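What the coordinates show
What follows is each chain in one-letter form.
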Amino acid sequence: MPRPARLSRNFFARSVHAVAPDLVGATLLFDRVGGIIVEVEAYHHTDPAAHSYGGQTPRNAVMFGPPGYAYVYRSYGIHWCLNFVCEAEGSASAVLIRALGPTEGLEAMRRRRGLDDPRALCSGPGKLCQALGVTIMHNGLPLDRAPFELRARSSDVPAETAIGPRIGITKAAEHPWRYGLKGSPFLSRRFG
DNA sequence: ATGAAGATGAAT
DNA sequence: TTCATCTTCATC
């Protein structure tokens with residue numbers, strides 16, 4: 001059985017609403033630590049909740065660049081959150097990575113998180129950045145080169161994807177796009 | 001210079 | 001449900 005294909009930057013040059021569900025079940029490694037993506041959220045630039053909605057600023061500049069790059073931002077003054085930039089350059093749309101099922105580098109993740117329970121390592125956007133060691137230093141890095149390694153979901157086992165409203169969003173949004181691996185114990189929250 | 005809000009997480 | 005914590009950005 002062939003090793004799953006690496007995701008090219010071209011993979012992200014599509015609508016966020018197409019990329020987001022395709023990322024569920026894919027593998028995200030950072031410096032050889034990570035696991036299966038089980039939860040994401042799509043942020044289109046026309047969405048009032050998107051960081052790019054109000055135009056370009058120093059913080060969100062990477063979102064306005066070409067697809068296939070990492071957009072990292074500080075959340076609530078404490079946590080880091082990781083996004084993948086999508087769509088054509090200038091679209092300023094991205095997918096937020098919200099949760100992983102840890103498969104590789106468990107010890108490194110436990111050390112960084114100060115926890116043992118695998119379900120608590122990457123079950124949230126801030127948690128997974130802490131577990132993988134992703135910080136603002138990695139903002140703007142390409143996703144098809146080290147330290148990133150992204151592998152496509154194996155097509156023979158179609159992931160059952162759940163769809164629901166996003167987390168922590170109060171602004172009115174036309175598209176409540178949260179995608180998750182149905183029944184996964186590694187989600188940041190249950191769907192429903 | 002100042003202040004309010006925020007794509008969270010952990011404890012209560 | 002509360003709060004820690006601090007950057008970002010708009011406003012003064």
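Residues numbered from 1 in each chain as written. Chains lettered and ligands numbered in written order. Predicted model: local features only at pLDDT ≥ 70, side-chain atom pairs only at ≥ 80, totals over all residues. Heavy atoms only, no water.

Here the focus is the protein's contact with DNA strand B. If you check the shell around DNA strand B, you find 18 residues, and the closest are Y73, H79, N83, G126 and K127. Here S75 contributes a side-chain N or O atom positioned 3.3 Å from a sugar or linking oxygen of DNA strand B. G77 is positioned such that a nitrogen or oxygen atom in its backbone is 3.4 Å from a base nitrogen of DNA strand B. For the surface near DNA strand B, the secondary structure elements donating two or more residues are strand 3 (70–75), strand 4 (79–86), strand 5 (93–104) and helix 3 (125–132). With 3 residues, helix 3 is the single largest residue contributor to the surface near DNA strand B. Counted by class, the surface near DNA strand B contains 7 nonpolar, 8 polar and 3 charged residues. (Near = heavy atom within 4 Å. Polar contact = N/O pair within 3.5 Å; in protein donor to acceptor, adjacent residues only side chain to side chain. Helix = DSSP H or I, 4+ residues; strand = E, 2+ residues; numbered from the N terminus. Nonpolar A, V, L, I, M, F, W, Y, C, P; charged D, E, K, R; others polar.)

Enumeration according to the criterion identifies 5 aromatic pairs in this entry. Seen from their ring centres, F12 and F84 are 5.6 Å apart, and the 80° between their planes marks the pair as edge-to-face. Of the two residues, F12 sits in the segment before helix 1 (16–23) while F84 sits in strand 4, which places them 72 residues apart along the sequence. For F12, a relative accessible area of 0% gives the class buried. Exposure remark for F84: the relative accessible area of 0% places this residue in the buried category. Through successive ring pairs, a cluster of aromatic residues spans F11, F12 and F84. Sitting above the plane of the W80 ring, R74 keeps its charged end 4.1 Å from the centroid. Lying over the aromatic face of F191, R178 brings its terminal NZ or CZ to 3.8 Å of the ring centre. (Phe/Tyr/Trp six-rings, centres within 6.5 Å; stacked < 30°, edge-to-face > 60°. Buried < 20%, exposed > 50% of the residue type's maximum accessible area, 1.4 Å probe, protein only. Lys NZ or Arg CZ within 6 Å of the ring centre and 35° of its normal.)

Looking now at the layout of surface pockets. In this structure, the second largest pocket spans a volume of roughly 160 Å³. For the second largest pocket, the full set of lining residues is A162, K182, G183, S184, P185, L187, S188, R189, R190 and F191. Residue classes in the lining of the second largest pocket are distributed as 4 nonpolar, 3 polar and 3 charged. (1 Å grid on protein atoms, 1.4 Å probe; cavity = no way out; pocket = protein on both sides within 12 Å on 5 of 7 lines; lining within 4 Å. Points joined across faces, edges and corners; volume = space filled by probe spheres on them.)

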